Each structure stands twice: as C-alpha cells, then as structure tokens.
Amino acid sequence: MAEFSFELNDDQKAVREWIHGFAADVMRPAAAEWDEREETPWPIIQEAAKIGLYSLDFYAQQYFDPTGLGIPMAMEELFWGDAGIALSIVGTGLAAVGVLANGTEEQIGTWIPQMYGDANDVKVAAFCSSEPDAGSDVSAMRTRAVYDEAKDEWVINGTKTWATNGGIASVHVVVAAVDPDLGSKGHASFIIPPDTPGLSQGQKFKKHGIRASHTAEVVLDDVRVPGSCLLGGKEKLDERLARARERATAGGERLKNAAMATFEASRPAVGAMAVGTARAAYEVALDYAKTRQQFGRPVIDNQGVAFQLADMRTRIDASRLLVWRASWMAVNGKPFDSAEGSMSKLFASETAKTVTAQAVQILGGNGFTREYPVERMHRDAAIYTIFEGTSEIQRLVIARTLSGVPIR
C-alpha cells in the first residue's frame, strides 16, 4: 500500500508538466474555436494520440499508479486547458472504467484497445446509462436486455440520453435492465461492438457549456449482441441476480448495480476535472486583478477583490485535497465509509461553479464577454454539479452513508 503524500514524486511531476504543456500549447489556443463550432475536435484528439496522451497505455499507467494521484493529476491539467476539449479526450475513459469495473480480463483486453484506436485512426467510446426518464433515478430505467438462449444472444431495446460520444463511438457500453422487478439491482452492462445493426444516434444536444464534447441520444432497436458481450459473464450475473432476489425477500444488505459501480470509481476524477476548471478561472482573475487599474491602482488593492481571490484559492486547494484523499483510498482498497468519493465530487463541483462566477465578477464587463475565457469556463463549470450524480444526489449518498438511514 502506497503511503499518502501531499508531494508528487519526480515521475508524476514530469507527467504533469508534459500534460500542462499540451494543454497550454495545443488545447487553449483552440478552445474558443471548438466551443463556437460545437463539434468534436478530432484534430486535437489526434494530436493527443500522436504523443501518447490519448491512449490505453497512458491511462492504464495513471489508473494503476499506486498513489492514486495519476488520474486526478492528469484530469486537473487537461481541464485547466479547456473543459470541452478535455472531455472529448477523456470521455472514452468512462466507458473504459465501466469495462474495468464490471468486465472479465478477456473483455478488458478485447474491448478497451478498440475504444481508443491508434494515432492514425483514433476512435472514441461511449458509456450509456441515463435515459429521458431515468437520470438520477436509475431504478426507473426502461432499456431492456432479454436473453435469447437458443442463439446465446442478448436483445436490447431502449433509448439512452446525455451520452458523451453517443452515436459517434466505436464501442458503446450500455446499461440495461435484465430483471425489471429488482429495480437498479436487476441491471447489467453490455458491450455494443462497432457497426452493430440497430444502434443509431438520436438527437444531438446543443449545450450551455462543454460544447466541444459530443452529447447525444443513443437509440437501440432490437440490437443483438453475443452472450460474450455481457460484462462479467452470465454465470456471474445469474449469481448476482439470485442474491438480489433473496435479499429483496429478506430485506438484506445493499447490492451495487452496474452503473453505480462505474460512477463510484469515477467521482474523484470528476472532482479533479472541476478543480482544473476552477484553477484556470482563478489564475485568469488573479492576473487580471493585479494588472487592471481602477481609481489609479490595481483592483487587487481593494479588499473586496483580494478577499474573493483568497476564498477562491482556499476552496480550490481544499477541493484538490479531498480529491486526492478519495483517489488514494480507492486505489488502495480503502472503503468509502464516509462517502469520501461523493464528498470530493460534491465539494469540487460546487467550488468550480463558485470560483468561475467570482472570476466573471472580478473581470466585470470583460468577464461577461467571449473575449475573455472566464465566460466559457463559467458555462463549462455548470456541468460538474449535474453529470455523474448531481450535487443533490451526492449529498443524499453522503447523508445515507453517515446516518445509515435510507433518506429520500
């Protein structure tokens, strides 16, 4: 077990500087353009692939960093560059985590490489869980997967929404109900291979922020996949469903479902994304406050501005520490007995919204224009309190964990 440290080691510092250089030199100059275009920045993803930043090897190295800090460090630097472009680069990772969290070794080795492609032919992947009537309430999921025993195939029907890379992905990971009577305990995850008949893109969403990241509906119309595409395998699923039925009858302990296993693993990473966006806005505001002259002096000389900057930096540092703690705990097998993963995501997400709003205020009229990046950062920050579990859901998870009471 790696000891917890507030100091990155030399290798981690080198990786951080490498990512920071890419974010500063490649992502930031292109950020405003792709935000306006509202299109997937394929050329930027390809540049990331050429240097090995968008690759299975890179994310595997960070994922298996024994300190747990590899992923949050990388997320912070990328999202410091630009949230929309960064999400296009890392969005595949959520699908990959879904396979890592629920799949067999063979499935991991088969499908995750296909999610990324290579530098000459980059691919992306999509994790599809939310539905029009089942966002936070995953138990309301209507997408169904029915097993065709004669053909050893699963037949999937339904509509997914708000899927990052949905419809343009090479590989889709879809969460579906296999036993609706069990609610969220009756869910399973499935790989939908490239070019599978019946899968199509529905509506592409025009968004308030993170506009360089593709978000769309995914429609599944009698999609048939081999039995081997059920993550974890049918034997494991049957055992889990049997336990869930027994506990449903006896009122036993809680079982994790397929979607929640993915989200729990990714919450600290989302917190790190929020830290990156908040830090970027804070740095712009600090520089502006030191150079902008009003009434014959820099605006930072005014206590009202200086105190805002002090609070902004304090919240950012506190958020990073919560993210690092949760990330270290996760990689070292420490249970989130106090919902530390949700704590990190909640606090960092709220920090990003607060800090970016303060940055706009400090820049005044300039902050409200697209001539300055804090306007875009403020729009981007709104997503952190919404996706992968709203702030309200995080508070619910924390309260339930601390109290042991099924609060609603």
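Refer to the preceding data block for the structure.
Keep in mind it's a predicted model, so treat the numbers as computed, not measured. (Residues numbered from 1 in each chain as written. Predicted model: local features only at pLDDT ≥ 70, side-chain atom pairs only at ≥ 80, totals over all residues. Heavy atoms only, no water.)

Peer 1: Before we go on, may I ask you to explain helix α4 (residues 70-81) in this structure?
Peer 2: Helical geometry: 3.6 residues make up each α-helical turn, so side chains three or four residues apart lie on a common side. Between its first and last C-alpha atoms α4 spans 17 Å; for 12 residues at 1.5 Å apiece the expected length is 16 Å, and the two agree. Of the positions making up α4, those classed as buried are G70, I71, P72, M73, A74, M75, E76, E77, L78, F79, W80 and G81. (Helix = DSSP H or I, 4+ residues; strand = E, 2+ residues; numbered from the N terminus. Expected span 1.5 Å × (residues − 1). Buried < 20%, exposed > 50% of the residue type's maximum accessible area, 1.4 Å probe, protein only.)

Peer 1: Got a minute to help me understand a nonpolar patch on the surface in this structure?
Peer 2: A cluster of nonpolar side chains, namely F4, F6 and L321, defines an oily patch on the protein surface of about 300 Å² accessible area. As for its position among the elements, F4 is in the segment before α1 (10-37). (Patch = residues over 30% accessible without salt bridge, like charges linked within 9 Å, V, L, I, M, F, W, Y side chains within 5 Å. Areas by Shrake-Rupley, 256 points an atom, 1.4 Å probe, with all protein chains shown as cover. Salt bridge = Lys/Arg side-chain N within 4 Å of Asp/Glu carboxyl O.)

Peer 1: Honestly, the environment of N120 in this entry has me stumped. Any pointers?
Peer 2: Of note, N120 is situated in the loop between β1 (117-118) and β2 (121-122). With a relative accessible area of 74%, N120 lands in the exposed category. For the pair N120 and K160, spaced 40 residues apart in sequence, the C-alpha separation works out to 30 Å.

Peer 1: What should I look at first to understand the side chain of H214 in this one?
Peer 2: Structurally, H214 is set in the loop between β8 (199-204) and β9 (215-226). Among the polar contacts made by the side chain of H214, one reaches the main-chain carbonyl oxygen of G166 at a distance of 2.9 Å. A polar atom in the side chain of H214 sits 3.3 Å from the side chain of Q201. If we ignore the near neighbours within four places in the chain, the residues touching H214 are T40, A163, T164, N165, G166, I168, Q201 and K204. (Polar contact = N/O pair within 3.5 Å; in protein donor to acceptor, adjacent residues only side chain to side chain. Contact = heavy atoms within 4.5 Å.)

Peer 1: What exactly am I supposed to notice about the state of the cysteines here?
Peer 2: Such a bond, covalent and formed between the sulfur atoms of two cysteines, is termed a disulfide. Applying the stated rule across the entire model yields zero disulfides. With no disulfide of its own, C229 lies closest to C128 among cysteine sulfurs, the gap being 14 Å. When its relative accessible area of 1% is taken as the criterion, C229 is described as buried. (Disulfide = S-S within 2.5 Å.)

Peer 1: Even after reading the chapter, I still don't get empty space enclosed by the protein, so can you show me in this structure?
Peer 2: Taken as a whole, this structure holds two cavities of 30 Å³ or more when the rule is applied. Of the pockets and cavities examined, the largest cavity occupies roughly 40 Å³. F79, W80, G81, D82, A83, T277, A280, R376, M377 and D380 are the residues that line the largest cavity. Counting residues per element, the ones that place at least two in the lining of the largest cavity are α4, α9 (258-291) and α12 (374-381). Tallied by class, residues from the lining of the largest cavity come to five nonpolar, two polar and three charged. (1 Å grid on protein atoms, 1.4 Å probe; cavity = no way out; pocket = protein on both sides within 12 Å on 5 of 7 lines; lining within 4 Å. Points joined across faces, edges and corners; volume = space filled by probe spheres on them. Nonpolar A, V, L, I, M, F, W, Y, C, P; charged D, E, K, R; others polar.)

Everything listed here is a matter of geometry and, on its own, says nothing about what the molecule does.
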